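Here is what each chain is made of, one letter per residue.
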Amino acid sequence: MNWRASSGIAIVLAMGTAPSLHAQTAGQTPADQATPSNEIGDIIVTARRVEERLQDIPLAVSAVSGTELQRQSVKDIRDLSATVPNMIIQQGNSDAQSAVVTIRGQSQSNVLLSVDSAVGVYVDNVNNPRSYGLRAGLVDIQRVEVLRGPQGTLYGRNTTGGAVSVFTQDPTPEVGASLQLTAGNYGAFNALGIFSAPIDEGVGVRFVAQYDKHNAYAKAPLSPGSRPNSSDGYYFRGKIKIDSGILKASLTGDIFNYKTGGVATKLTGLVNGTIAAVPGAVAPTVDNPTGAGPVVVLGGLGAREVQLEAGLPFTPAGLAAASALLQSYINKGDFHESWAGSPLGGRGKGGSLAMNIDLALSDYLTLRSISGFRHVYRLSPADNDGTPYLISTQPAGGVTDNFYSQEVQLLGGGEALNWVVGGFYSYENGIETARPQTNFLLGNRNTGINNNTATNSSYAFFGQGNYKITDALTITLGARWTRETKEVINRNSNLSAAGVLTCAITGAAAAAYLDTPGVCQATFKNSFSDPSWLASLKYAFSDDVNVYAKFSRSFRGGGQQLRATGANVATYLPFRPETVTEYEIGLKSQLFDRRVRLNLAAFLDNYSDVQRTINALVGGVGVSLVQNAAKARLWGIEGEADVRVAEGLTFSSAFGYLHPKYLSFADFSGPGATLRDRRNEDWPAPKLNFRVGGRYSIPTSAGDAALDLVYAWQSKQNMQPQGLARDQLTQRAYGLLSGRLSLNIDSLGMEVALFGRNLLDKDYYTAGISIEAVGFNMLEPGDPRTFGIQLTKKFGGI
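Along each chain, residues carry numbers from 1 onward, in the same order as the chain's sequence is written. Where totals are concerned, whole chains, interfaces and linings use all residues; where local detail is concerned, this predicted model gives features only for residues with pLDDT of at least 70, and gives and counts side-chain atom pairs only at 80 or more. For side-chain calculations, the full set of non-hydrogen atoms in the structure is used, while hydrogens and water are omitted.

Asks: What is the right way to read unusual backbone geometry from this model?
Replies: For residues other than glycine, phi is negative in most cases, and the peptide bonds are mostly trans. Here Arg104, not a glycine, exhibits a phi torsion of approximately 50°, which is positive. A run of DSSP states H or I qualifies as a helix once it reaches four residues; a run of E qualifies as a strand once it reaches two. Both are numbered from the N-terminal end. The topology assignment puts Arg104 in the loop between strand 5 (95-103) and strand 6 (119-123). In the Ramachandran plot, Asn229 falls in the positive-phi region, its phi being about 60° despite a non-glycine side chain. Residue position: Asn229 is located in the loop between strand 12 (203-214) and strand 13 (231-243). A relative accessible area of 12% places Asn229 in the buried class. Buried means the residue's accessible area, taken with a 1.4 Å probe over protein chains only, is under 20% of the maximum for its type, while exposed means over 50%, and partly exposed covers the values in between.

What follows is the structure in structure tokens.
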């Protein structure tokens, strides 16, 4: 490792591409690294904040270059699921603009400002605490690195699952540009322009502009003007980089603005619910002269809402008819057909800045600064029941969020010992609003008004060092201490049909929590602190084969109940941090004259205070509450292999297996309800996933032609495990096939490519909502088959 030379940016050659040159590292030229063309080249990553060979790192790390992302037709961050074992990236519930990243079964329980992610996402070394807008920026990328397992001793934020680091392309030493035009089915059109140029000795700039759109992926028979699962927007990025020898600095800024057509939803099933005091439900008696009594109805309160909206009589027969009417929408029509009343559109816009500075204080000492800022605005109305009835809708809702971070590191060392110490600080302030309507007519046309200000701050001190005990044996030790403060100002209220606004913090909760009696505002603030650590041993049998053992611990911060309402004091209690202690062993190897790269890892995670979300009905309004779910244990295995079969022919594969088990899990099925044993509940991640891919490239008279194919498969997954009707919420095992056929026309400096994703047109779900207290479960369809043609023209030295 070269701790001084690293600026956190390196050139990486992707797995499976079988390059003829090793990846270039600092201070080397391609001529220094020439290798036989039948070898798989080295991959240089900065997963531990310095430049290292991927094969030398005693961690489970995957790396994919920008070139490989294009060859796999990766369009946004969700598509990375097909590249890394035990990593699943899916759309957030009822939010087309967000993404939920799961690694080794660790996942974010809810996409709210008060809930931290279990997986850290970084762009040019700067943490993005919220997933809003991440789907827009995966363009002109140098590489993506994925670290699996608890992180904390080196990365800006503590996470229990891992970290995804995206590195944008640097300016080139020569003037260059490229233009890429893409057209496809569903009216898809994409225009991408890139310009790069030096502006002085050691100074260069690079600019990226993209316009991207596609029409609705789903039909909306009841709302002809709506465009569910459509997208239309633009993305701009600029980057300036300075390299004067002792000073390396880069500043990256981007902005994005996207409109979406709302999320398509499918009603997948109903559950029984009891309707009290139904006239005619029982025979009249002296004590009950009206004959009113309870009735168990499939669809519960949802069926009661349909009975009101459809004008059916409030009798057992009328409720049965309403239930049958509601049942008619279960999986109705084509798979990509949404029967929601109004799949409303949303909008996401914002921007970010990332500044990286490395100052060489000496040959063995470097001072590094990483500064970041991100602003996001998100508007995401939704219809959560997949029917034309007002059972669970959110006609308005959005987030405005600002995040600032600063990290300082001091790096040093020599041949035997290398170390880094530093500190990190972040501050986030945002406003999250929503207008949920649950059983609109049944609730006397009341609308919930969620209005919360969230303020999150964090600071940490850390250090990590590597010491070579012998030429073959290396020990790594790291530690971090973090303190976080989470504050929420709750102004939740209810709006009546007459326009009267009343506070949703009522009864005992109002007496306990309101900042000022009679004023609808309650402030909740807590601080959490915890240590993280890492210890590993690596033994190298040779330059191409080594084994390692790692012991690490990290945590995910606690938080506040952003959408708490009602009188129950316990509803407002904060949730604690969750912690993971992991034991991992692994093998890194390059075999058969470096024609084969094989990496394996096995891990055991002890998981405490697991954060889980429940969707409950509080005061007639559906709310999301986060609770700690006691203890769990997970173990799993992972593997990645790349094989250079012959000149121009390579294969790659990856697999992951996860075996989770709750050791104890008892929570409230709803505020005020009795405890429920949930130890046998499904884990919110598939147990098994694998990927196989291949690339065949041959020279032609025009230029190289290539065929790339990738098949990614995962086992069944319960999208909302807290629901009792598992069959209504579980996506069965499925696989997606993607491919790309390309031809380089050397005389024109152009590439022509045909591409397709989900080529077999597989129907599958990516997210869901379970509100069984209301009476239903819902899932959201994934993208259908998409295909198109892409033309890329390059000019100059890009």
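Resuming the write-up.
Asks: For this particular structure, what's the right way to read the environment of Arg78?
Replies: Structurally, the position occupied by Arg78 is in the loop between helix 1 (66-71) and strand 4 (87-92). A C-alpha to C-alpha distance of 7.4 Å links Arg78 and Arg135, two positions 57 residues apart in sequence. Arg78 has contacts with Ile89, Gln90, Gln91, Ala99, Arg135 and Asp783, leaving out every residue within four places of it along the chain. Side-chain atoms alone can form a polar contact between residues adjacent in sequence; in general such a contact is a pair of N or O atoms within 3.5 Å, and within protein one must be able to donate a hydrogen while the other accepts it. Here Asp783 takes part through its side chain, which lies 3.2 Å from a polar atom of the side chain of Arg78. Only heavy atoms enter the contact rule, under which two residues are in contact if any of them lie within 4.5 Å.

Asks: Which parts of the structure should I look at to understand the environment of Gln790?
Replies: Along the chain, Gln790 turns up in strand 48 (residues 786-796). As a C-alpha pair, Gln790 and Phe461 span 329 residues in sequence and 47 Å in three-dimensional space. Side chain to side chain, Gln790 and Thr182 meet in a polar contact 3.1 Å long.

Asks: Just to check I follow, could you spell out the packing of aromatic side chains for this structure?
Replies: Note on aromatic pairs: each is described by the distance of the centres and the angle between the planes. Between 30 and 60 degrees the pair is tilted, below 30 it is stacked and above 60 it is edge-to-face, where a pair is any two Phe, Tyr or Trp rings, Trp via its six-membered ring, whose centres lie within 6.5 Å. In total, this model carries 23 aromatic pairs according to the counting rule given. Both rings, one in Phe524 and one in Tyr572, keep their centres 5.8 Å apart while their planes meet at 15°; by these two values the pair is stacked. Here Tyr572 lies in the loop between strand 31 (545-556) and strand 32 (578-591) and Phe524 lies in strand 30 (residues 519-540), a separation of 48 residues in the sequence. In terms of burial, Phe524 and Tyr572 fall into one category: buried. Relative to Tyr764, the ring of Tyr734 has its centre 4.9 Å away and its plane inclined at 15°; by these criteria the two rings are stacked. With Tyr734 in strand 44 (residues 734-745) and Tyr764 in the loop between strand 45 (750-757) and strand 46 (765-771), this residue pair connects regions lying 30 residues apart in the sequence. Tyr764 gets classed as buried once you look at its relative accessible area, which sits at 9%. Of the aromatic side chains, those joined through ring pairs into one cluster are Tyr607, Tyr662, Phe665 and Trp683. We call a charge positioned over a ring when the NZ of a Lys or the CZ of an Arg lies within 6 Å of the ring centre and within 35 degrees of the ring normal. The side chain of Arg143 reaches across the aromatic face of Phe167, ending 3.8 Å from its centre.

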